[in-house]
Amino acid sequence: MRVCLTGGAGYIGSHILVGLLEDGHDVLVVDNFANSSPKSLDQVRIITRSSFEVLDQDICNSGVLSEALSSFRPDIVIHCAGLKAVGESQEQPLRYYRTNVEGSISLLEAMDQAGCQRIIFSSSATVYGTPRYLPYDEAHPVAPVNVYGRTKAMIEDIITDWAATDPGRSAALLRYFNPVGAHESGEIGEDPKGIPNNLVPYIADVATGMRTELSIFGNDYDTRDGTGVRDYIHITDLADGHIAAMAFLEGNQGVETFNLGAGEGSSVLEVVKAFSRASNQSISYVIKPRRDGDVSESVANSSKANDVLAWKADRTLEAMCADVWRWRSRYPRGFDG
Ligand code: NAD
Ligand code: WQD
């Protein structure tokens, strides 16, 4: 198939790109490198020994995007481009609405121009907000508690309304839980700019000696050891979920929402221990107050994706940590060193 992959240079996009190329698809990556390095694409070329097209453009630039899609004529778009930092979204709401929401509208318009009727969208478990029950299933109310989450919920609605106007259109809205890990080759992985917001990149910085200690945000939650519990999913399992969703959309019309998670929770302390074992490094930590906006637990019910997409996340937390450690041991400063 001909696949347009927005955000293909980013953490999740680059792993999806590997999967697409290994399956023999023709790919156009659209990315303006706002939060990524072109070197990730070079590494993908090395891993897969394949080539693909790249358009270095902002997805909000609708004229250029329309021209590029009309010339490439994708069968499907996988839409990962966007801004994703929750704290930053509260400080810069308009930038988030413009990039995420306006960017998605511009992309759908370009798809219309190019006659492309299928899209897979990178949504987030963040759309659920505070859990009314756990594990979250797709019927859980959507009630995001931050700007970033609201952009994702809005885009889901926009895609749903777009698809409703033509029976030939189809979409998969994939709500990711907590993607971690790296490609097993150690050649690509997560490369956050500045101080990492997320747990595993921060732990990796401590393990490589770049930072002295991890702050654990709260040990008084109502969980088995008092620290926050999350559903960590290996990045390669997540990428495979997109390949499964592509196959599903080939034979189905309309819009379907899928949780992509492992269906199992791990606490912060369990992740620290697993990473320490995988890296053979001790991870110093200090207990700090709870972080604003954190929930105590977030775990997916992914049985819909298991049944309908015939997909399951089965890589373990140990594998996630071992793969991050391989990536960070080779490239302690990410793509820049
Ligand atoms: P990332 O920042 O590594 O990748 C996003 C990519 O989009 C980057 O390469 C960036 O340069 C590109 N981009 C940003 N703005 C752009 C624009 N205006 N035009 C073109 N390209 C642009 O993030 P990621 O972790 O790979 O996330 C990918 C998608 O998955 C995002 O939409 C994110 O919201 C979503 N998501 C991520 C997580 C997570 O924990 N990583 C969880 C749930 C959902
Ligand atoms: C995990 C656990 C923290 C850092 C975020 C976004 C979400 C989604 C995935 C995009 C929590 C604890 C963390 C640290 C810590 N992204 N922690 N010390 O918050 O579940 O989800 O990323 O859609 O929208 O909110 O992930 O990795 O930040 O935190 O103790 O330095 O680790 O309190 O319990 P989170 P995270």
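Structure first, text after, so check above.
Residues numbered from 1 in each chain as written. Chains lettered and ligands numbered in written order. Predicted model: local features only at pLDDT ≥ 70, side-chain atom pairs only at ≥ 80, totals over all residues. Heavy atoms only, no water.

Trainee: An account of unusual backbone geometry is needed here, citing residue identities and associated values.
Mentor: With an omega of -5°, the peptide bond running from Leu-134 to Pro-135 counts as cis. Within the secondary structure, Pro-135 sits in the loop between β5 (118-124) and α6 (147-164). Backbone geometry at Arg-73 places phi at a positive 55°, although glycine is not the residue there. Within the secondary structure, Arg-73 sits in the loop between α3 (62-72) and β4 (76-79). When its relative accessible area of 47% is taken as the criterion, Arg-73 is described as partly exposed. Of note, the phi angle at Asn-280 is positive, near 60°, even though the residue is not glycine. Inspection of the secondary structure puts Asn-280 in the loop between α9 (268-279) and β13 (285-288). (Helix = DSSP H or I, 4+ residues; strand = E, 2+ residues; numbered from the N terminus. Buried < 20%, exposed > 50% of the residue type's maximum accessible area, 1.4 Å probe, protein only.)

Trainee: An account of the nonpolar core is requested, with residue identities and associated values reported.
Mentor: Residues Leu-17, Leu-20, Ile-78 and Ile-120 are the most contacted members of the largest nonpolar core, which totals 44 residues. When contributions to this core are tallied by element, the ones reaching two or more residues are β1 (2-6), α1 (11-22), β2 (26-30), α2 (38-48), β4, β6 (170-176), α8 (235-250) and β11 (254-260). A total of nine residues in this core trace back to one element, the largest contributor, which is α8. Ranked by size, the runner-up nonpolar core spans 26 residues in total, among them Ile-59, Leu-107, Ala-171 and Leu-173. (Core = buried A, V, L, I, M, F, W, Y, C linked by side-chain atoms within 4.5 Å.)

Trainee: I'd love a proper account of the site of ligand 2, names of residues and values included.
Mentor: Within the structure, ligand 2 sits among 18 residues, and Thr-126, Tyr-148, Ser-215, Arg-230 and Asp-294 are positioned closest to it. The side chain of Tyr-148 places a nitrogen or oxygen atom 2.6 Å from an oxygen atom of ligand 2. Leu-199 places a polar main-chain atom, nitrogen or oxygen, 2.8 Å from an oxygen atom of ligand 2. Coverage of ligand 2 by the protein chains reaches 86% of its 690 Å² of free accessible surface. For the shell around ligand 2, the element with the highest residue contribution is strand β8 (residues 214-217), accounting for four residues. A per-class count over the shell around ligand 2 returns eight nonpolar, seven polar and three charged. (Near = heavy atom within 4 Å. Polar contact = N/O pair within 3.5 Å; in protein donor to acceptor, adjacent residues only side chain to side chain. Areas by Shrake-Rupley, 256 points an atom, 1.4 Å probe, with all protein chains shown as cover. Nonpolar A, V, L, I, M, F, W, Y, C, P; charged D, E, K, R; others polar.)

Trainee: Which residues make up the packing of aromatic side chains, and what values go with them?
Mentor: Using the criterion set out here, one finds six aromatic pairs in the structure. Considering the side-chain rings of Tyr-128 and Tyr-136, the 4.8 Å spacing of their centres and the 15° angle between planes classify their relative orientation as stacked. With 5.6 Å between their ring centres and 85° between their planes, Phe-248 and Phe-258 make a pair best called edge-to-face. A residue pair is termed long-range when its members are at least 10 positions apart, and Phe-248 in helix α8 and Phe-258 in strand β11 qualify at ten residues. The buried category is assigned to Phe-248, whose relative accessible area is 13%. (Phe/Tyr/Trp six-rings, centres within 6.5 Å; stacked < 30°, edge-to-face > 60°.)

Trainee: Describe in detail the side chain of Ser-106, supporting the description with residues and values.
Mentor: Checked against the element boundaries, Ser-106 lands in helix α5 (residues 93-114). Taking relative accessible area as the criterion, Ser-106 reaches 5% and is therefore assigned buried. Not counting residues up to four positions away in its chain, the partners in contact with Ser-106 are Ile-59, Cys-60, Asn-61, Ser-62 and Leu-65. (Contact = heavy atoms within 4.5 Å.)

Trainee: Can you lay out the sheet that holds strand β12 (residues 266-267) for me, pointing to particular residues and giving the numbers?
Mentor: The strand order across the open sheet built from three strands is β12-β9-β14, with neighbouring strands paired in mixed fashion. The sheet terminates laterally at β12 and β14 (297-298), the two strands that pair on one side only. Both strand β9 (residues 229-230) and β14 contribute to a ladder of two bridges, which runs parallel. Opposite Arg-230, over in β14, you have Ser-298 as the bridge partner. (Pairing = 2+ DSSP bridges.)

The analysis is restricted to geometry; functional conclusions fall outside its scope.
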